[in-house]
Amino acid sequence: AQKITQTQPGMFVQEKEAVTLDCTYDTSDQSYGLFWYKQPSSGEMIFLIYQGSYDEQNATEGRYSLNFQKARKSANLVISASQLGDSAMYFCAMRETHTGGFKTIFGAGTRLFVKA
Amino acid sequence: NAGVTQTPKFQVLKTGQSMTLQCAQDMNHEYMSWYRQDPGMGLRLIHYSVGAGITDQGEVPNGYNVSRSTTEDFPLRLLSAAPSQTSVYFCASNRDRDVTGELFFGEGSRLTVL
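Residues numbered from 1 in each chain as written. Chains lettered and ligands numbered in written order. Predicted model: local features only at pLDDT ≥ 70, side-chain atom pairs only at ≥ 80, totals over all residues. Heavy atoms only, no water.

Undergrad: So, the overall build of chain A: which residues are in play, and what are the values?
TA: On a plain count of helices and strands, chain A comes out with 0 helices and 12 strands. Starting at the N terminus and walking to the C terminus, you meet the elements of chain A as β-β-β-β-β-β-β-β-β-β-β-β. For chain A, the spread of C-alpha atoms along the principal axes amounts to about 45 × 30 × 20 Å. Expressed as a percentage of the 116 residues in chain A, the buried residues total 49%. In chain A, 53% of the contacts between residues at least 6 apart in sequence involve partners at least 24 apart. (Helix = DSSP H or I, 4+ residues; strand = E, 2+ residues; numbered from the N terminus. Buried < 20%, exposed > 50% of the residue type's maximum accessible area, 1.4 Å probe, protein only. Contact = heavy atoms within 4.5 Å.)

Undergrad: Account for the sheet that holds strand E8 (residues 76–78) of chain B, naming residues and giving values.
TA: Residues and elements named next belong to chain B. Here we have 4 strands laid out as an open sheet, ordered E1-E3-E8-E7, and antiparallel in their pairing. Looking at the sheet topology across the chains shown, the edges are occupied by strand E1 (4–7) and strand E7 (64–66). For this sheet, the mean inter-axis angle between neighbouring strands, taken without regard to orientation, is 20 degrees. Bridge count for E7 against E8 is 3 bridges, and the pairing is antiparallel. If you follow Asn 65 over to E8, its bridge partner there is Arg 77. (Pairing = 2+ DSSP bridges. Axes fitted to C-alpha atoms, helices over the stretch in contact; angles between N-to-C directions.)

Remember that the coordinates give geometry; whether it matters functionally is a separate question.
Following this line, the structure appears as C-alpha cells:
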C-alpha cells in the first residue's frame, strides 16, 4: 500500500508567488517524522524541513513551511516568494519504526517549475 | 568534509554480471540505507542497517545483498544484474536512532544494465 502520496506530478508557479506541494501519508505509528527534500536537475538530494508527529507548531525554515494536519495525515510544503532556483523535484518522506529499526520512505515526488 | 561517498558514479553492466556499489560515510552515523530512484517512482528503499552487523530489508530488496562489517561502510551487491536494475542508486546515512534527523545522501550512482 502506498504510504506516502504526492498527487501532483507537476506544478507551475509564477516567480515571487507562493506554492503548496501536497503530501499525505499513512502510518499506524504514534511517533514518526515527516521530511521534505529537494532534488535539482544536478541530482543531489537536499534536506529542506522536518516535522515531528508530536510537534504542535508547524515547522518553518526560511521560505519553507510545513502545513501539518495530523488528523488528515497531511504534510504539505509551502514555499513562499518562489525563486527561479526553486525549480526542482520535491519529495515528501516519512521516517517510522520498523522491526527493530527505523526506515524512511518517499513519495513519488512533485516537479516544480517556476516561471519568470 | 566528505560526508557520504559513493563509488562508482557511473557503471554499465551486461545482464548476468555482478558488481558492488560502495558507500562510505565519515560522520559516525549508525544508520545507513540504500535507495533506487526510477522515473515517476521517487526513491524506493532497498536495504538499510541500524549498525555494524545489523541489516534489514526495505521495499524492494530482491536482487540485492548488503552487509555492514564496519560503521563506515555499507556496500550494495548485485549478484546477477538484470535490465530492471537500471536505475540511479543513492546511499544515505542518519545520525539519530529515532524518527528525527534528516538523511545525508551521497551523490548517487547511475547504473545501466544492458
